[in-house]
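# Coordinate inspection notes
What follows is each chain in one-letter form.
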Amino acid sequence: MSLKFDASFDPAYGSAVAVAPGVMRLTARNPSPFTFHGTNSYLVGQDTLAVIDPGPDDNAHLQALLRAIDGRPVSHIFVSHTHKDHSPLAARLQQETGATVLAEGPHRPARALRTGEGIRLDASGDLAFRPDATLADDALTSGDGWAIRTVLTPGHAANHAAFALEGSGILFSADHVMAWSTSIVAPPDGAMADYMRSLDKLLARDDRLMLPGHGGPVTKPRVFMRGLKAHRKMREQAILDRIEKGDRTIPEIVAAIYRETDPRLHGAAGLSVLAHLEDLVARGAVETDGEPALDGVFLPVC
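Okay, so let's go over this structure. Remember, predicted model here, so these are calculated numbers, not experimental data. (Residues numbered from 1 in each chain as written. Predicted model: local features only at pLDDT ≥ 70, side-chain atom pairs only at ≥ 80, totals over all residues. Heavy atoms only, no water.)

## Here we look at the overall build of the protein chain
Definition in use: The secondary structure listing takes helices from DSSP runs of H or I that are at least 4 residues long and strands from runs of E that are at least 2 residues long, numbered from the N terminus. It is over C-alpha atoms that the radius of gyration is taken, and the globule rule equals 2.2 Å times the number of residues to the power 0.38. Between buried and exposed lies partly exposed: a residue is buried under 20% and exposed over 50% of the maximum accessible area for its type, with that area taken using a 1.4 Å probe on protein chains only. Should any heavy atoms of two residues lie within 4.5 Å, those residues are counted as being in contact. Working definition of accessibility: Shrake-Rupley area with a 1.4 Å probe, residue cover restricted to the visible protein chains. Residues scored as charged are limited to Lys and Arg (positive) and Asp and Glu (negative), so that His and the chain ends carry no count. For this purpose, a charge sits on NZ of Lys, CZ of Arg, CG of Asp or CD of Glu.
A tally of regular secondary structure across the protein chain gives 7 helices and 14 strands. The C-alpha atoms of the protein chain give 19 Å as radius of gyration, which agrees with the globular expectation for 302 residues (19 Å, within 12%). For the C-alpha atoms alone, the extent of the protein chain along its principal axes is close to 65 × 40 × 35 Å. Of all 302 residues assigned to the protein chain, the portion counted as buried reaches 53%. Pairs at least 24 residues apart make up 62% of the contacts formed inside the protein chain by residues separated by at least 6 positions. As presented, the protein chain carries roughly 12900 Å² of accessible surface, and 52% of it is formed by carbon and sulfur atoms. The average position of the 30 basic charges and that of the 37 acidic charges among the side chains of the protein chain differ by 5 Å.

## Remarks on the side chain of Ser80
Here is the rule: Any N or O atom pair separated by 3.5 Å or less is treated as a polar contact, with the protein-specific requirement of one donor-capable and one acceptor-capable atom, and with residues adjacent in sequence counted only for side-chain atom pairs.
Tracing the chain through its elements places Ser80 in the loop between β5 (74-78) and α2 (90-97). A polar side-chain atom of Ser80 sits 2.8 Å from a polar atom in the side chain of His81. Once residues within four sequence positions are removed from consideration, Ser80 is found in contact with Asp53, His86, Asn159, His160, Ala161, Phe163 and Ala174.

## What to know about the environment of Ser168
Tracing the chain through its elements places Ser168 in the loop between β10 (161-165) and β11 (170-174). Among the polar contacts listed, one links the side chain of Ser168 to the backbone nitrogen of Ile170, at a separation of 3.0 Å.

## Digging into the packing of aromatic side chains
Heads up, the rule is: Note on aromatic pairs: the rings of Phe, Tyr and Trp (six-membered ring only in Trp) are paired at centre separations within 6.5 Å, and the planes decide the class, stacked below 30 degrees, edge-to-face beyond 60, tilted for the rest. Lysine and arginine charges are scored as sitting over a ring when NZ or CZ, respectively, is within 6 Å of the ring centre and within 35 degrees of the ring normal.
Scanning all chains against the criterion turns up 6 aromatic pairs. Centre to centre, the rings of Phe36 and Trp180 are 4.4 Å apart; their planes meet at 10°, and the pair counts as stacked. You can see Phe36 sitting in the loop between β2 (23-27) and β3 (40-44) and its partner Trp180 sitting in the loop between β11 and α4 (192-203), a full 144 residues away along the chain. Between the NZ or CZ atom of Arg232 and the centre of the ring of Tyr195, over which it lies, the distance is 4.7 Å. The ring of Tyr258 has Arg235 sitting right over it, with the charged end atom 4.4 Å from the ring centre.

## Considering the pattern of salt bridges
Selection rule: When a carboxyl oxygen of Asp or Glu is within 4 Å of a side-chain nitrogen of Lys or Arg, the pair counts as a salt bridge.
Under the counting rule described, the total for this entry stands at 15 salt bridges. For Arg205, the salt bridge goes to Asp207, with nearest N and O atoms at 2.8 Å. Between Glu236 and Arg283 there is a salt bridge; the shortest N-O distance is 2.9 Å. Note that Glu236 is positioned in helix α5 (residues 221-244) and Arg283 in the loop between α7 (266-282) and β13 (286-288), a separation of 47 residues in sequence. Look at Glu236 and you get buried, because its relative accessible area is 11%. Residues joined in a network through salt bridges with shared partners are Arg111, Arg114, Glu278 and Glu291.

## Points about the pairing of β11
Applicable threshold: In this scheme, strands are said to pair when DSSP sees at least two bridges between them. Call a crossover right-handed when, viewed with both strands pointing away from you, the route from the first strand across the helix to the second goes clockwise.
The element β11 is extensively covered by neighbouring structure, given that 5 of its 5 residues are classed as buried. Where burial is concerned, the two faces of β11 agree: the one with Ile170, Phe172 and Ala174 and the one with Leu171 and Ser173 are both buried. Where β10 and β11 come together, 3 bridges link them in antiparallel fashion. Bridge pairing in β11 links Leu165 to Ile170. Linking β10 back to β11 in an antiparallel pair, the connection comprises 4 residues, with Gly167 at a positive phi of about 80°. For the crossover from β11 across α4 to strand β12 (residues 209-212), the handedness is right-handed.

If you want it as structure tokens, here you go:
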């Protein structure tokens, strides 16, 4: 199944954009190869609001949020996960509004850390973040004229959550499903097996619109997610094919299958390959000496 990305998106920096009844989007000015045009924050409600993903610790974005809030009460701040482009502004926004901060939990790795991996975890994670309340799967949080249901979706991050706006068919999909790109799954933050299980979980739902953490909406979620799943399976098969052809290391595999990718993303591509290899080794489809690692040697199963 072909996967068609949609990169058409106007971030409208500093302005609130209506994206659905009772839902406004503001995009932080933190563009990069990983964040596209920047991180999307969402305001939900009319009189008393909820904020989903306040974004990076950026004063201009905070001021834009406060202008859009326009003095209305904010009862809840939902945080999808604790990467530094999504959660850090929660503390300052809470100081301004007094809202309760909710998330699955603090930042943590998807598995036990190995030698040297703490540096990568620290670099990407908002280690200072602590929610006022933790959210379990299927938890329903009610506000003034709205209710948001938590849908835990680990994979991109161990504590990743999506949020469903009850009665609307809208899912705030954060970084799990995005129209402009595939999600980065990079150990030790994330795990490919978790990502694929979460994708199947969302495929079993009947959401009609997904509003992601970066870029524009996903307007045909089921079709798009089937394409995402097929893409991941094709990537897995490409890795297996490279190993069968004699590639033994992650840099060799990346050079072969990501040759059309922006070189600035090759480091992330290597981590994505590692995520696939962790899953393949666990399933007995690939062999390696010890735990799968970025500098490991990988062999076909005899």
